[in-house]
Amino acid sequence: VDRRDAKLALAHLYVAFIALGLGGLAGLLQTLVRSGKFTLPANISYYTILTTHGVLLGLVLTTFFIIGFQFAAVSRTAGTFSDRVRFWGWVGFWLMTIGTAITAFFILIGQASVLYTFYAPLQAHPGFYLGLTLVVVGSWVSGFAIFAHYARWKKEHPKQVSPLLTFMAVANMILWLVCSLGVAATVLIQLLPWSLGLVDRINVLVSRTLFWYFGHPLVYFWLLPAYMVWYAIVPKIIGGKIFSDSLARLSFILFLFFSIPVGFHHQLMEPGIDPFWKYVQVVLTFMVAIPSLMTAFAMFATFELYGRSKGATGLFGWLRKLPWGDARFFAPFVGMVFFIPAGAGGLVNASHQLDQVVHNTIWVTGHFHLTLATTVVLTFFGAAYWLVPHLSGRVMTKAMNRLAIIQTIVWVIGMTFMSGAMHFEGLLGAPRRSAFSTYGNSPQALEWIPYQIAQAVGGTILFIGIILVLVIITNLAFFAPKGETEFPVAELAEGAERTPLAMENWKLWIGITVALILIAYTIPFIDMIQNAPPGSKGYKLW
Ligand code: HAS
């Protein structure tokens, strides 16, 4: 990556890792509070800490890491950015950074304890929404910078298929753009005027629906960069090749189609939405599992083909040929393994009847600590182990690689305790998003306590994991020996079929995406407006 583009990417990664440190500390405090063994000072609310944790890790760490990583990946595979693209990349970065600072300020002074999902009826200070708006607008600017660079590449390479990583970054930014329109709408039309006192109430169902229209694809905006690493980078790290370029692109296109019209699976327990439309969106939710199953197939194929090319025999002999001592492989691989139970948990959530058991219990928190905080985050750590030194012009020493392997193992132990306990406790009915309480010594709540202590043990181990990763990243950015680190990009396996040009028919893909959104949302949305509470004004959004 060109040095000037590297600076832009690195700036994003620095913010991401600062957010990891601060957000991780808030997470540690939460698990300690929930164990019942620790009390926060009277002027700090549990919900302030919970919001800090969710916003910094769920929104800031992810968005900054993803955009930084994608800038690097696009510059590496589609060529150095023009001055103009880089300029807009920096504009996006500063808008997001200023927005984050404003948002964090209002959370920390206790004026925005509205959780990372921030939909109504919880209300924050207008400054919180303003900060978030800047973050979203900044990410759009960066997205358009990537689109402009891609368009130039296409113009200069007529009738050629674009590089896989660039294609994937473009698909992910289209997904982001289409879904963030929902959150922009609820913030600008409902939440901001309401918190400014311009309207005295808002349609809560509409606010939640617009949020989840955004909130579910948001999780795939987090997941797809991990898939970029799995499909296009891990094969190179292990010394293998990409099993199928077309399959990888197809899975990204399917994510674009199916990840948006599924927000109702977060609202299955909500009145005011006709069960038929919930059913439609549950069906679409099961469709969105398909590209993940395709990914599992492709990854197994890549590993097995590589292992057999090295002489492996037997059903699982290929596993022994993988480079277990290389943290760049080990961390993402562990992430993949954890995605098997994590994805199975997601399918439980998505099943309407089963969701009645787990909804709003701490099982759901366990689910996203496996998906986001293990699968995605471990893959990001694994990527940072070569990306940061590549961008900073340094090399990872053997000692740091060993520490990174230890870090991954610490993470696995911490998360097994924490997320495992959350899943079991959730099945016993423990609510999510609540501070410690014995609910008047009710026998059911007393049953939860051992699990809450296990969560605190896990949370403490995870915090040690965060300190380790910050030590490694600081070393790779500033202190590791100078030198050249490769940005690994795998080649396509011999004999794999050529990718058809039609795969880049964005007009068609976006058209199908919009059609699916309209089918899944138009009628229920009209219902929500028509059945708004009596006395609602204007367009019944307020
Ligand atoms: Fe989820 C709630 C359904 C995936 C994140 N989810 C959440 C929330 C978050 C989140 C943050 O239907 C909470 C939001 C809140 O605060 O309220 N989720 C799903 C489904 C999937 C899914 C069906 N979620 C994710 C991912 C996330 C994420 C990914 C973040 C990155 N989720 C739900 C539902 C709810 C929900 C409901 C609402 C619940 C409620 O009641 O509130 C699917 O995408 C999962 C498909 C995945 C698979 C696994 C494929 C396996 C692979 C690994 C292969 C391994 C290899 C290595 C190759 C089917 C790809 C093997 C090697 C060996 C040696 C074994």
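Bear in mind that the values here come from a model prediction, so they are computed numbers and not experimental data. (Residues numbered from 1 in each chain as written. Predicted model: local features only at pLDDT ≥ 70, side-chain atom pairs only at ≥ 80, totals over all residues. Heavy atoms only, no water.)

Enquirer: Got a minute to help me understand the coordination of the iron atom of the ligand in this structure?
Expert: There is one protein donor for the iron atom of the ligand, and it is His367 (NE2), at 2.2 Å. Summarising the element assignment, histidine 367 is placed in helix H11 (residues 362–392). (Donors = N, O, S within 2.8 Å, 3.2 Å for Na, K, Ca; no water. Helix = DSSP H or I, 4+ residues; strand = E, 2+ residues; numbered from the N terminus.)

Enquirer: How should the packing of helix H4 (residues 126–156) against helix H5 (residues 164–195) be read in this particular structure?
Expert: A pair of packed helices is characterised by two quantities: the angle between their axes and the separation of those axes. Two elements in contact, H4 and H5, have axes separated by 9 Å at closest approach and are oriented at 155 degrees. Relative to H5, the element H4 lies roughly antiparallel. The two elements H4 and H5 cross, and the hand of that crossing is left-handed. Looking at side-chain class alone, the contact of H4 with H5 contains 21 nonpolar, six polar and no charged residues. (Axes fitted to C-alpha atoms, helices over the stretch in contact; angles between N-to-C directions. Parallel < 35°, antiparallel > 145°, perpendicular 65-115°, else oblique. Left-handed = near helix turned anticlockwise from the far one by under 90°. Nonpolar A, V, L, I, M, F, W, Y, C, P; charged D, E, K, R; others polar.)

Enquirer: For this particular structure, what's the right way to read the nonpolar core?
Expert: Generally speaking, nonpolar side chains in soluble globular proteins are found buried as a group. Membership of the largest hydrophobic core comes to 175 residues, with the highest contact counts inside it found for Phe118, Phe128 and Phe303. Top element by residues in this core is helix H6 (residues 204–238). It accounts for 24 residues. Residue contributions to this core reach at least three from each of two domains, namely domain 1 (1–202) and domain 2 (323–493). Not counting the four nearest positions on each side in its chain, phenylalanine 128 is found in contact with Thr103, Phe106, Ile107, Ala112, Val114 and Phe118. Core analysis: the second largest hydrophobic core is formed by seven residues, Ala26, Leu40, Ile49 and Leu115 among them. (Core = buried A, V, L, I, M, F, W, Y, C linked by side-chain atoms within 4.5 Å. Buried < 20%, exposed > 50% of the residue type's maximum accessible area, 1.4 Å probe, protein only. Domains from an automatic or database assignment. Contact = heavy atoms within 4.5 Å.)

Enquirer: Help me understand the site of the ligand, please; the structure alone is not making it clear to me.
Expert: Near the ligand, the surroundings consist of 37 residues, among which Tyr220, Asp355, His359, His367 and Arg432 are the closest. One of the backbone nitrogen or oxygen atoms of alanine 350 is found 3.1 Å away from an oxygen atom of the ligand. The separation between an oxygen atom of the ligand and a polar side-chain atom of arginine 432 is 2.7 Å. Here the shell around the ligand takes ten residues from helix H9 (residues 327–350), the largest share from any one element. By residue class, the composition of the shell around the ligand is 23 nonpolar, eleven polar and three charged. (Near = heavy atom within 4 Å. Polar contact = N/O pair within 3.5 Å; in protein donor to acceptor, adjacent residues only side chain to side chain.)

Enquirer: When you look at the domain arrangement of the chain in this model, what are you seeing that I'm missing?
Expert: Accessible area lost upon the coming together of the parts is a frequently used measure of interface size. Per the domain assignment, the segments of the chain are domain 1 (1–202) and domain 2 (323–493). Here the C-alpha centroids of domain 1 and domain 2 sit 20 Å apart. Facing the 39 residues of domain 1 at the interface are 39 residues of domain 2. Where domain 1 abuts domain 2, roughly 3,100 Å² becomes buried across the two surfaces, and 74% of that area is made up of carbon and sulfur atoms. The three residues of domain 1 that bury the most area against domain 2 are Phe17, Arg34 and Phe65, which together make up 23% of that side's buried surface. Where domain 1 touches domain 2, the interface holds one salt bridge. Here glutamate 425 and arginine 34 are joined by a salt bridge, their closest N and O atoms 3.9 Å apart. Taken together, the connections running from domain 1 to domain 2 amount to seven residue pairs in polar contact (both at pLDDT 80 or more). Elements with a contribution of two residues or more to the side of domain 1 that touches domain 2: helix H1 (3–35) and helix H2 (46–78). (Buried area = accessible area lost by both parts, 1.4 Å probe. Salt bridge = Lys/Arg side-chain N within 4 Å of Asp/Glu carboxyl O.)

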